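Chain by chain, the residues:
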Amino acid sequence: MKDVYILAVESSCDETSVSIIKNGYEVNDGIYNKESLRLTNMPNMTKLKEYSKGLFYVQDESSMIAANVLNAQSHEKIMDCCASPGGKSIFADIKSGDTLEITACDKSIDKVKTIKENIKRLRLKGIETRVQDATVYNEDDFEMYDKLIIVLKHGKISIFFL
């Protein structure tokens, strides 16, 4: 089962839910986030026209929890240090109404390319990307950002530092 975040600026969860059900998928409310839907019986969601139109973004609800805990306020400067594929940054930006200044970083050029593709598809303006290794200390980053998102993964456990 995957969680899908529905962009409220493009469509409500109810409208998108009806559209997805018409494609033969079972849709339920998310467990932890009112902004998410849980879908079952789904092959590749990226093949749906609603995906191409940027009406939703496929992600795990745990990424949404990180954005909720971040509690970013309008016009704050946020750095997502290990951002690929961009879910935490995307959800935080959408929750703010696209009013944040987010820098989504990853050490891999290919991963940053994926983040850029997601931002473009969703038509978000508040996120820029940068190739950067989070293990390399950059003092300027701590001075110019209001909040940092750092996710450490060990096996199946993710630890969020905000």
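Residues numbered from 1 in each chain as written. Predicted model: local features only at pLDDT ≥ 70, side-chain atom pairs only at ≥ 80, totals over all residues. Heavy atoms only, no water.

Visitor: Any details on the confidence of the model for the chain? Residues and values, ideally.
Guide: A low pLDDT means the predicted coordinates there should not be read in detail. Summing up the model confidence of the chain, the mean pLDDT is 80 and the portion of residues at 70 or higher is 78%. Per-residue pLDDT, averaged within each element of the chain, yields its smallest value for strand E9 (residues 157-161) (52) and its largest for strand E7 (residues 127-131) (96). (pLDDT = per-residue confidence, 0-100. Helix = DSSP H or I, 4+ residues; strand = E, 2+ residues; numbered from the N terminus.)

Visitor: Can you explain the packing of helix H3 (residues 61-70) against helix H4 (residues 87-95)? Please cite residues and give values.
Guide: When two helices pack together, their arrangement is given by the angle between the helix axes and the distance between those axes. In contact at an axis separation of 8 Å, H3 and H4 are set at 50 degrees when each is read in the N-to-C sense. Between H3 and H4, the interaxial angle falls into the category oblique. The handedness of the crossing between H3 and H4 is right-handed. Seen from H3, the contacting residues are Ser63, Met64, Ala66, Ala67, Asn68 and Leu70; seen from H4, they are Lys88, Phe91, Ala92 and Lys95. (Axes fitted to C-alpha atoms, helices over the stretch in contact; angles between N-to-C directions. Parallel < 35°, antiparallel > 145°, perpendicular 65-115°, else oblique. Left-handed = near helix turned anticlockwise from the far one by under 90°. Contact = heavy atoms within 4.5 Å.)

Visitor: Account for the state of the cysteines, naming residues and giving values.
Guide: If you walk through the whole model with that rule in mind, you get zero disulfides. Residue Cys81 stays outside any disulfide, its sulfur separated by 6.1 Å from that of Cys82, the closest cysteine. Looking at Cys105, it has no disulfide partner, and the nearest cysteine sulfur is the one in Cys81, 6.3 Å off. Note on Cys105: relative accessible area 1%, which makes it buried. (Disulfide = S-S within 2.5 Å. Buried < 20%, exposed > 50% of the residue type's maximum accessible area, 1.4 Å probe, protein only.)

Visitor: Before we move on, could you go through the packing of aromatic side chains and cite the residues and values that matter?
Guide: With the rule as written, the count across this model stands at one aromatic pair. The residue whose ring lies beneath Arg121 is Tyr51, and the NZ or CZ to ring-centre distance is 3.6 Å. (Phe/Tyr/Trp six-rings, centres within 6.5 Å; stacked < 30°, edge-to-face > 60°. Lys NZ or Arg CZ within 6 Å of the ring centre and 35° of its normal.)

Visitor: Summarise H3; cite the residues concerned and give the values.
Guide: Restricting attention to buried positions, one finds in H3 the residues Glu61, Ser63, Met64, Ala66, Ala67 and Leu70. Immediately downstream of H3, the backbone of Asn71 shows phi near 50 degrees, a positive value.

Visitor: Talk me through the side chain of Gln132; I want residue IDs and the actual numbers.
Guide: Assignment of secondary structure puts Gln132 in the loop between E7 and helix H6 (139-144). Taking the relative accessible area as the measure of exposure, Gln132 reaches 16% and is therefore buried. Gln132 has contacts with Met79, Cys105, Asp106, Lys107, Asn138 and Asp141, leaving out every residue within four places of it along the chain.

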